[in-house]
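Structural overview for review
Residues per chain are reported as follows:
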Amino acid sequence: GVTATPTASPTASYVVPAAPLDVSVKRGRTGYPLTVRISWDPPASTGGAPVTAYDVIVWKARPNGKVVRYGTYLLGPRGHHLRLKLRAGRYRFAVAAENVAGTGPRTARTPFVRPR
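What you are looking at is a predicted structure, and each value in this text was computed from that prediction instead of being measured. (Residues numbered from 1 in each chain as written. Predicted model: local features only at pLDDT ≥ 70, side-chain atom pairs only at ≥ 80, totals over all residues. Heavy atoms only, no water.)

Moving on to the sheet that holds strand β2 (residues 35-41). Pairing is antiparallel across the open sheet formed by 3 strands, whose spatial order is β1-β2-β5. Two strands lie at the open edges of the sheet, namely β1 (21-27) and β5 (81-85), each paired on one side alone. Between one strand and the next, the sheet's axes are offset by a mean angle of 15°, whatever the strand orientation. Where β1 and β2 come together, 5 bridges link them in antiparallel fashion. Note that in β2 the partner of K26 across the bridge is R37. (Pairing = 2+ DSSP bridges. Helix = DSSP H or I, 4+ residues; strand = E, 2+ residues; numbered from the N terminus. Axes fitted to C-alpha atoms, helices over the stretch in contact; angles between N-to-C directions.)

In structure tokens form, the structure reads like this:
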């Protein structure tokens, strides 16, 4: 292993992780009103440092067709899925991974999904 001296910057040799892989969105099961489940695989490259968190970014389509940022949800490094309870509407999602060097690129946005 590599030991850093206290004077060294801990992020000097690291880069941000790659985007997570294989993001999918499933509508909730009947009986779980208005939920969606977003799942993904860890990034192929962690940038040399472990992933410390995942950001799940949510956009909502307004009735006028405009898409607005709805919120960001932060998950721990072992979380590879998120179940969200949402109001009726159309949503899309993207996921980014974080490590000590910062937040990596987001995945492509998913197609729109309506929670049921």
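Okay, the nonpolar core next. One broad rule of soluble globular proteins: the nonpolar side chains tend to lie buried together. Judged by nonpolar contacts, the single largest core of 17 residues is most densely connected at V36, I38, W40, Y54, V56, L84 and F93. Only β2, β3 (53-61), β5 and β6 (90-99) provide two or more residues apiece to this core. With 4 residues, β6 is the single largest residue contributor to this core. (Core = buried A, V, L, I, M, F, W, Y, C linked by side-chain atoms within 4.5 Å. Buried < 20%, exposed > 50% of the residue type's maximum accessible area, 1.4 Å probe, protein only.)

Taken as a whole, this structure holds 2 aromatic pairs when the rule is applied. Look at Y70 and Y91: their rings are 5.3 Å apart centre to centre, the planes differ by 80°, and that puts the pair in the edge-to-face class. Of this pair, Y70 sits in strand β4 (residues 67-75) while Y91 sits in strand β6, and the two are 21 residues apart along the sequence. We classify Y70 as partly exposed; its relative accessible area is 32%. Here the guanidinium or amino end of R109 rests over the ring plane of W59, the centre of that ring lying 3.7 Å away. (Phe/Tyr/Trp six-rings, centres within 6.5 Å; stacked < 30°, edge-to-face > 60°. Lys NZ or Arg CZ within 6 Å of the ring centre and 35° of its normal.)

Distances and angles like these do not, on their own, reveal function.
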